[in-house]
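# Chains, contacts and geometry: an overview
Each chain is listed here by its residues.
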Amino acid sequence: MTEKDFIPSEYTKLIAKGEVTWKSPSNIALVKYWGKEANQIPANPSISFTLDTCATTTKVTYKKLENKAQDFSFDLFFEGSLKEDFKPKIQTFFKRIEDYLPFLKNYHFKIETSNSFPHSSGIASSASGLSALALALMSLEKELNPDINEDYFIKKASFLARLGSGSAARSIEGDVVQWGNHEGTTNSSNLYAVKYPYKVHTNFKKYQDTILLVDKGQKEVSSTVGHNLMHGHPFSQQRFAQAHDNLTKLKEVFAEGDLKTFIEIVESEALTLHAMMMTSLPYFVLMKPNTLEIINKIWDFRKRTNTHVCFTLDAGANVHVLYPESEKEEIMQFIKDELVAFCQNGQYICDQIGFGAKKV
Ligand code: 2P0
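You'll find the chain entered in an unreviewed UniProt entry as Diphosphomevalonate decarboxylase, with Maribacter vaceletii given as the organism.

Here it is in structure tokens:
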């Protein structure tokens, strides 16, 4: 499919009003998206586990305007209060998707959104937030054109979410999702994410993700700045090639349930992401001392116990602790005994692999 396939033909009628609510999860990348071209085209393919507990719920109430407006008309409420400072992001999103949803200026939207995870926990809400909004707008499009089928609905929701925030493309479906052209993956696309089309061993069923909140402050490097650091980066081409290789390797790892190689790839990806930021100009260190303390404790515990606990990181100091469900009891005990002390105010979030967004 190409971008043009997502431009609808004329709608025969515009409905007067309605409302729709979607709950969409966050996701955690195993092979990381870091670097992009114009129009949110990723520099390399990425793959993620869709999460379950960490999610955004967004209700969109829409009312047809008398005449098509000059500009987008919407109010944004975050956790019950009018939120002016979130509006520019939505305004930019609407502008980027207008060609694909030409009804946008015919409606006034009331967008009411809330997160399941604590406010300012340092957990990125752009993936869950923009995917929930993209899905709500797709529900309206389906009202206007009931012929839209399930496959198109999902692909276009991911396509629109991508234009809001790259990683949001991976939050529509579960449980393992890939985004970005990759030679070894049939139907992979730079335009939208797809459910991982190959075998995933039961070792990965209900895989656990305990998110340790090491630093709940504002993100030091915005994702836009971060992705741009890859332009002219001395190691960018090797890094993009490595992401392709890691995805190729994961095919067998997922099929065989090879946890040892899984851990190797996932931890290497996390450290490479941070290495890219340490070796760019300007350079950033996004780990905190406690991030490193946790990583060392995890390595030490894994050696001691032969369990399969590992970590991954986003572009920040928080640590995602990943492990199989079968080791949950032992590893939760370890987290409580040895890792929680390194979290800000002892805070952490227990999550696991989930199955994608749901209409509420
Ligand atoms: C990822 N991250 O694959 C990577 C790894 C963070 C670290 O995608 O600019 O908010 O909106 O396309 O999706 C965070 O960047 O970036 C991200 P934009 P996004 O999950």
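Let's shift gears to the packing of helix α1 (residues 87-97) against helix α2 (residues 126-144). At a closest axis distance of 12 Å, the pairing of α1 and α2 adopts a crossing angle of 50 degrees. When the interaxial angle is binned, α1 and α2 end up oblique. Both α1 and α2 take part in a crossing whose hand is right-handed. Together, Lys89, Ile90, Phe93, Phe94 and Ile97 of α1 and Ser126, Leu130, Leu133, Ala134 and Leu137 of α2 make up the contact between the two elements.

Time to look at the domain arrangement of the chain. As far as domains go, the chain holds domain 1 (3-198) and domain 2 (211-352). Of note, the centres of domain 1 and domain 2, computed from C-alpha atoms alone, are 26 Å apart. In this assembly, 34 residues from domain 1 lie in contact with 38 residues from domain 2. When domain 1 packs against domain 2, close to 3,100 Å² is buried across both sides, 68% of that on carbon and sulfur atoms. Of all residues in domain 1, Leu30, Lys32 and Trp34 bury the most surface against domain 2, accounting for 26% of the area lost on that side. Between domain 1 and domain 2 we count zero salt bridges in total. If you look at where domain 1 meets domain 2, you find twelve residue pairs in polar contact (both at pLDDT 80 or more). Taken together, the elements giving at least two residues each to the side of domain 1 that touches domain 2 come down to β1 (17-31), β2 (36-37), β4 (46-64) and β8 (176-179). Here the side of domain 1 that touches domain 2 gets eight residues from one element, more than from any other, and that element is β4.

Across all of its chains, the model carries ten salt bridges by this definition. Of the charged contacts in the structure, one is a salt bridge between aspartate 175 and lysine 195, with a shortest N-O distance of 3.6 Å. Of this pair, aspartate 175 sits in the loop between α3 (150-164) and β8 while lysine 195 sits in strand β9 (residues 193-195), and the two are 20 residues apart along the sequence. Counted as one network, the salt bridges with shared partners bring together Asp300, Arg304 and Glu338.

Let's shift gears to the sheet that holds strand β11 (residues 310-313). Hydrogen bonding along the main chain pairs the strands of a sheet, whether they run parallel or antiparallel. With antiparallel pairing, four strands are arranged side by side in an open sheet as β11-β12-β10-β13. Either end of the sheet is taken by a strand with one partner, and the two such strands are β11 and β13 (348-352). Between one strand axis and the next, the sheet turns by 25 degrees as a mean value, whatever way the strands run. Bridge count for β11 against strand β12 (residues 319-323) is four bridges, and the pairing is antiparallel.

This brings us to α3. Each full turn of the α-helix corresponds to 3.6 residues, which orients residues three or four apart in the same direction. For α3, spanning 15 residues, the distance from its first C-alpha to its last is 21 Å, which sits close to the expected 21 Å at 1.5 Å a residue. Of the residues that open α3, the one with a side-chain oxygen 3.2 Å from the backbone nitrogen of aspartate 151 is asparagine 149.

A separate point is the site of the ligand. The ligand sits among 16 residues. The nearest are Tyr33, Lys36, Ser165, Gly166 and Ser167. For the ligand, an oxygen atom lies 2.7 Å from a polar atom in the side chain of lysine 36. With respect to the ligand, the side chain of histidine 227 contributes an N or O atom lying 3.1 Å from an oxygen atom. Surface burial for the ligand is 93%, taken as the share of its 470 Å² of free accessible area covered by protein chains. Per-class residue counts for the shell around the ligand are five nonpolar, seven polar and four charged.

Another aspect to go through is the packing of aromatic side chains. Scanning the entire structure with this criterion turns up 27 aromatic pairs. Consider the rings of phenylalanine 72 and phenylalanine 94, whose centres lie 5.5 Å apart with planes at 65 degrees: the pair is edge-to-face. Highlighted residues: phenylalanine 72 in the loop between β4 and β5 (73-78) and phenylalanine 94 in helix α1, separated in sequence by 22 residues. The residues phenylalanine 72 and phenylalanine 94 share a single accessibility class, namely buried. Between phenylalanine 103 and tyrosine 107 the ring centres are 6.2 Å apart and the planes differ by 90 degrees, which places this aromatic pair in the edge-to-face class. Judged by relative accessible area, which is 1%, phenylalanine 103 ranks as buried.

Cut-offs and rules
Residue positions are given per chain, counting from 1 as you read along its sequence in written order. Reporting of local features is limited, given that this is a predicted model, to residues whose pLDDT is at least 70; pairs of side-chain atoms are given and counted only at 80 or more, and all residues count toward the totals for whole chains, interfaces and linings. The side-chain numbers reported here are obtained from all heavy atoms of the structure, hydrogens and water having been left aside. Each axis is a line fitted through C-alpha atoms, and for a helix only the stretch in contact is used; angles between axes span 0 to 180 degrees, taken between their N-to-C directions. We count a stretch as a helix when DSSP gives it H or I for four or more residues in a row; a strand needs E for two or more, and each element gets its number in order from the N terminus. These descriptions rest on fixed angle ranges, namely under 35 degrees for roughly parallel, over 145 for roughly antiparallel, 65 to 115 for roughly perpendicular, and the rest for oblique. Left-handed describes a crossing in which the near helix is turned anticlockwise from the far one by less than a right angle; the clockwise case is right-handed. What makes two residues a contact is simply this: any of their non-hydrogen atoms within 4.5 Å. Where each domain begins and ends is defined by an automated method or by a domain database. Accessible area, probed at 1.4 Å, shrinks when two parts are joined; the buried area is that loss added up over both. Here, a salt bridge means any side-chain nitrogen of Lys or Arg that lies within 4 Å of a carboxyl oxygen of Asp or Glu. Here a polar contact is recorded for every N or O atom pair within 3.5 Å, except that within protein the pair must consist of a potential hydrogen donor and a potential acceptor, and residues adjacent in sequence are included only if both atoms are side-chain atoms. Whether two strands pair comes down to DSSP finding at least two bridges between them. Under the convention used throughout, the expected extent of a helix is 1.5 Å for every residue step, that is, one less than its residue count. Whether a residue is near a molecule or strand is decided by its heavy atoms; if any one of them lies within 4 Å of it, the residue is near. Where accessible areas are quoted, they stem from the Shrake-Rupley method and a 1.4 Å probe; at the residue level, only the protein chains shown are allowed to cover. Each residue gets one label: Ala, Val, Leu, Ile, Met, Phe, Trp, Tyr, Cys and Pro are nonpolar, Asp, Glu, Lys and Arg are charged, and the others, such as Gly, are polar. Each aromatic pair joins two rings of Phe, Tyr and Trp (for Trp, the six-membered one) with centres within 6.5 Å, and gets the label stacked for planes under 30 degrees apart, edge-to-face for over 60, and tilted for any other angle. Type-normalised accessible area, obtained with a 1.4 Å probe on protein chains alone, sets the label of each residue: buried when under 20%, exposed when over 50%, and partly exposed for intermediate values.

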